[in-house]
Amino acid sequence: MRIGILGLGRIGAFHAETLSGLDAVESLVLADPFTDAAKAAAERFGAEVADSPEAVLAAGIDGVVIAAATDAHPDLILASVNAGVPVFCEKPVARTIAEGVAVLKAVEGRDVPVQIGYNRRFDAGFVAAREAVLAGELGTLHTVRSTTLDPAPPPAAYIAASGGIFRDCSVHDFDIIRWVTGREVTEVYAVGGNRGAQYIAEAGDADTTGALLTLDDGTIAVISNSRHNGRGYDVRMELHGFADSIAVGLEDKLPLRSVEPGVTFPAGTPHDFFMDRFTAAYRAELTAFTEVVAGSRPSPCTVADALEAGWIAEACTLSLREHRPVRVDEVRAV
């Protein structure tokens, strides 16, 4: 099949490399506002270059991958759907939840599939955890712990446009908790602070946060996030039930150092970047998109799915600002 890519920054170029290695993909058509980025990627992967998103959509493509700046996501999603081209778009759907809702309303009932990029759904560990929960292996689930710790904060310009740590970073934890447990979040309580880069505080954001989530069956989920984790990129999940407990990310590249006498685990070089931690997941995610394009499976992460994680982020943002528990239904009603 023939796939278009809109946006050839860090993640777009990474997707171009991944797609060029998939058996189902025969050719790529690339576009980026910075033409040098598109040309460099085209030379590297033997792709074609188009001078605009419209030209990509008119180039006989079977599907399109949107890896452009967040502000461009809504217009590019709608242009692709209107052109009848299946869409893969990196999260978030839009910069604000209101814009995301507008996109959902515009694509609902259309025959063109849209897949939003939440790559943890395709990580082998998280897949195994979901299967264990759904099979009842843990018995009644009572506690979930989810962690995302970045090795260093992104640049000031990124932070200023990110919408805040809950919308930008924690939203991955929110999505994967919903997906693994099969439950919805009803209430949140969030805390946060600034212990590092001053520009994060100046942007009105926190660099370290915690969130306590109550799921609709009474399960408690605890989320920990930070922009400062000197040992590496740490993404983990624990699930504890009456019958058993399991963990995702408990492997030799885990960025933790044990101080127990005689313990050598973990023994590997710590993960230091999200692309390192989730290389296989990204490949599985884009492989799934080729199956969506081929019509052999539905979208594994719809716009509606993505917005559910977004509502939890809105609730946590409000909870942090007002120092109180917030029900998710409260922010939906705003």
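Residues numbered from 1 in each chain as written. Predicted model: local features only at pLDDT ≥ 70, side-chain atom pairs only at ≥ 80, totals over all residues. Heavy atoms only, no water.

1. Some words on the overall build of the protein chain
When its secondary structure is counted, the protein chain shows 13 helices and 13 strands. In terms of C-alpha radius of gyration, the protein chain reaches 20 Å, essentially the compact-globule figure of 20 Å for 334 residues. When the backbone C-alpha atoms are referred to their principal axes, the protein chain occupies close to 55 × 50 × 45 Å. Across the 334 residues in the protein chain, those meeting the buried criterion constitute 51%. When contacts within the protein chain are restricted to residue pairs at least 6 apart in sequence, those whose partners lie at least 24 apart make up 71%. (Helix = DSSP H or I, 4+ residues; strand = E, 2+ residues; numbered from the N terminus. Rg over C-alpha atoms; globule rule 2.2 N^0.38 Å. Buried < 20%, exposed > 50% of the residue type's maximum accessible area, 1.4 Å probe, protein only. Contact = heavy atoms within 4.5 Å.)

2. Structural notes on the side chain of Ser299
The topology assignment puts Ser299 in the loop between α11 (279–294) and α12 (303–322). The buried category is assigned to Ser299, whose relative accessible area is 17%. Within the structure, the side chain of Ser299 is placed 2.8 Å from the backbone oxygen of Val114, a separation counted as a polar contact. Among the polar contacts listed, one links the side chain of Ser299 to the backbone oxygen of Cys301, at a separation of 3.3 Å. Setting aside anything within four residues of it in sequence, one finds Ser299 in contact with Val114, Gln115 and Val292. (Polar contact = N/O pair within 3.5 Å; in protein donor to acceptor, adjacent residues only side chain to side chain.)

3. Looking at the sheet that holds strand β12 (residues 245–248)
Spatially, seven strands are ordered β12-β11-β7-β10-β9-β8-β13 in an open sheet, and the strand pairing comes out mixed. Across the chains shown, the open sheet's two edge strands, defined by having one partner strand only, are β12 and β13 (326–327). Note that strand β11 (residues 234–241) and β12 share four bridges and pair antiparallel. By the bridge assignment for β12, Leu239 is matched with Ile246. (Pairing = 2+ DSSP bridges.)

4. Side note on the packing of helix α4 (residues 73–82) against helix α5 (residues 97–107)
Running from amino to carboxyl end, α4 crosses α5 at an angle of 5 degrees, the nearest separation of the two axes being 10 Å. The orientation of α4 relative to α5 falls into the category roughly parallel. Here Pro74, Ile77, Leu78 and Val81 of α4 come into contact with α5, specifically with Val103, Ala106 and Val107. Classifying every residue of the contact of α4 with α5 gives seven nonpolar, no polar and no charged. (Axes fitted to C-alpha atoms, helices over the stretch in contact; angles between N-to-C directions. Parallel < 35°, antiparallel > 145°, perpendicular 65-115°, else oblique. Nonpolar A, V, L, I, M, F, W, Y, C, P; charged D, E, K, R; others polar.)

5. Concerning a nonpolar patch on the surface
A cluster of nonpolar side chains, namely Tyr189, Val191, Leu212, Ile220 and Val222, defines an oily patch on the protein surface of about 390 Å² accessible area. Of all the secondary structure elements, the ones that give two or more residues to the nonpolar patch are β8 (185–193) and β10 (220–226). With respect to the helices, strands and loops of the structure, Val191 is situated in strand β8. (Patch = residues over 30% accessible without salt bridge, like charges linked within 9 Å, V, L, I, M, F, W, Y side chains within 5 Å. Areas by Shrake-Rupley, 256 points an atom, 1.4 Å probe, with all protein chains shown as cover. Salt bridge = Lys/Arg side-chain N within 4 Å of Asp/Glu carboxyl O.)

6. So, the sheet that holds strand β6 (residues 114–117)
Two modes of strand pairing occur in sheets, parallel and antiparallel, and in both the strands are linked by backbone hydrogen bonds. Taken in spatial order, the six strands line up as β3-β2-β1-β4-β5-β6 in an open sheet, and their pairing is parallel. At either margin of the open sheet sits one strand with a lone partner, and together these are β3 (48–49) and β6. Where strand β1 (residues 2–6) meets strand β2 (residues 27–31), five bridges bridge the pair, whose relative direction is parallel. Residue Ile5 lies in a different strand from β2, and its bridge partner there is Leu30. With respect to the sheet, α11 is in contact with β1, β4 (63–66), β5 (87–90) and β6, its orientation differing from that of β6 by roughly 175 degrees.

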